[in-house]
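Breakdown of the fold
The lines below spell out each chain.
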Amino acid sequence: MSPALVCEDLVKRYGGKTVVDHVGFHIDEGEAYGLLGPNGAGKTTTISMLVGLLRPDSGSVTVGGIDVAADPVAAKRLIGYVPQDIALYPELTARENLRYFGRLYGIPRRALAGRIGDVLAMVGLADRADDRIETYSGGMKRRTNIAVALLHEPRLLILDEPTVGVDPQSRVAILDNVERLVADGMSLLYTSHYMEEVERVCTRVGIIDRGKIMADGSKRELVAELGGSDRIELVLDGDVATAAEKLRAVEGVSEAVVTGTHSVRLLATGGRHLLPTLIAAAAGTAAVTGVEVVEPDLEAAFLHLTGSTLRD
Ligand SMILES: Nc1ncnc2c1ncn2[C@@H]1O[C@H](COP(=O)(O)OP(=O)(O)OP(=O)(O)O)[C@@H](O)[C@H]1O
C-alpha cells in the first residue's frame, strides 16, 4: 500500500524569508508522526502545503500515492484536516454543523445520519450533540472540529496544535480520542510545541526549527543522538545570563540556555556527579537554589539539535 503521506523538498518563501526550507518526511499507513517545533517554526505553513491550501515554491506532496498538486480533489478525500482555528457555526448545534459539512462533502443524506452518530461517539460528544456550539468550551469546539474532519472517513488525520487554548480536561479527552483513532488504524500527522503530547501520541517525530527538519526518527533514535547527555534544569539567583556562559564553559556541558528569569537548561554528560562543579562555576555570579537532572528526552534532543528551547 502507498505511504499515507510523502513530502519532498518543500520550500516556501515570503519576501526574502524562507519559512519552509526543503522539508521532507513520510508517514507510513497507520503510523502516527509528530512535527515538534516552537511557535513560528513553520509547522502550519508546511501543513497548508500538504493539504493543498498553499502552493509550495518547490517540492512535492503525495497522499496515499496521489499527487496533491496534480489531483487535489482526490487527495483531499483522503485527508481529514483540523486547523488551529475553530471553523464552526456557533448558533448551530454540533449535529447541525456536522450535517452541514457532511452535505458539503457530498455524503449521501441516508448515510450521513449514521456517520454523524459515529464521529460524535469517536470524540465523546454524543450527549452534547444537540446543544449549540456557542455553549461549548474551547476544547469541546476543537473536538467538534475533529469530528467534522472525520466525517468523510479519511485515511490520514492532520491535527495542527489541537490542544492550544483548550481546558485541561478537554486536552486529556483530545489526546485520548487521537490515541484511540491511531489504535484503530488511522494515519496521523500531529503538530505541537508540547513535547509530552508528541511523545505520548506519536511513534516517530520530526524536529522542526526555523523551517528545517533537523532530525527525524523514533524518540529512542533521537535521544540516542545525545550520546548519553542528561538534561539538567537549574534554578538560579543572580546574573543568570552570565552564569549560563560560565556553565557552558564547564567540561562535559554541551549546551546552556536561559529558559526564564531564574532558570537555565543544560545538556551535560556526567549527570549528578557534575553538580558540585556546576555550583562552583556559577558561584559569584549566581547561587544555585534548585536542581533537576532529567533522563534524556525530546526536550534535550531539541536543545542538542538547535541550541535553543522548544518554548522560545
Ligand atoms: N502569509 C505569510 N506571510 C509572511 N510570513 C508568514 C506568512 N505565514 C507565515 N509566515 C511566517 O512564517 C514563519 C512560520 O510560520 P508558521 O505559522 O508556519 O509556524 P508554526 O510553526 O506553525 O507556528 P505557530 O504554531 O505559531 O503557528 C513565521 O515566522 C511566520 O511569521
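Residues numbered from 1 in each chain as written. Predicted model: local features only at pLDDT ≥ 70, side-chain atom pairs only at ≥ 80, totals over all residues. Heavy atoms only, no water.

This part covers the overall build of the protein chain. Each helix and strand in the protein chain was counted, giving eleven helices and 14 strands. On the principal axes, the C-alpha backbone points of the protein chain span a range of 75 × 40 × 35 Å. Expressed as a percentage of the 312 residues in the protein chain, the buried residues total 50%. Carbon together with sulfur atoms contributes 50% to the accessible area of the protein chain, which is approximately 14000 Å² in total. (Helix = DSSP H or I, 4+ residues; strand = E, 2+ residues; numbered from the N terminus. Buried < 20%, exposed > 50% of the residue type's maximum accessible area, 1.4 Å probe, protein only. Areas by Shrake-Rupley, 256 points an atom, 1.4 Å probe, with all protein chains shown as cover.)

If you check the shell around the ligand, you find 13 residues, and the closest are Gly40, Gly42, Lys43, Thr44 and Thr45. Take Gly42: an N or O atom from its main chain is 2.9 Å from an oxygen atom of the ligand. At 2.9 Å from an oxygen atom of the ligand is found a main-chain nitrogen or oxygen belonging to Lys43. Coverage of the ligand by the protein amounts to 60% of the 630 Å² it exposes when considered alone. (Near = heavy atom within 4 Å. Polar contact = N/O pair within 3.5 Å; in protein donor to acceptor, adjacent residues only side chain to side chain.)

A few words on the layout of surface pockets. The calculated volume of the largest pocket comes to roughly 580 Å³. Partitioning the lining of the largest pocket into residue classes produces 13 nonpolar, three polar and two charged. Size it by volume and the second largest pocket reaches roughly 240 Å³. Along the wall of the second largest pocket there are 14 residues; nearest its centre are Leu54, Arg55, Pro56, Val68 and Ala69. (1 Å grid on protein atoms, 1.4 Å probe; cavity = no way out; pocket = protein on both sides within 12 Å on 5 of 7 lines; lining within 4 Å. Points joined across faces, edges and corners; volume = space filled by probe spheres on them. Nonpolar A, V, L, I, M, F, W, Y, C, P; charged D, E, K, R; others polar.)

Keep in mind that these numbers describe shape and distance, not what the molecule does.
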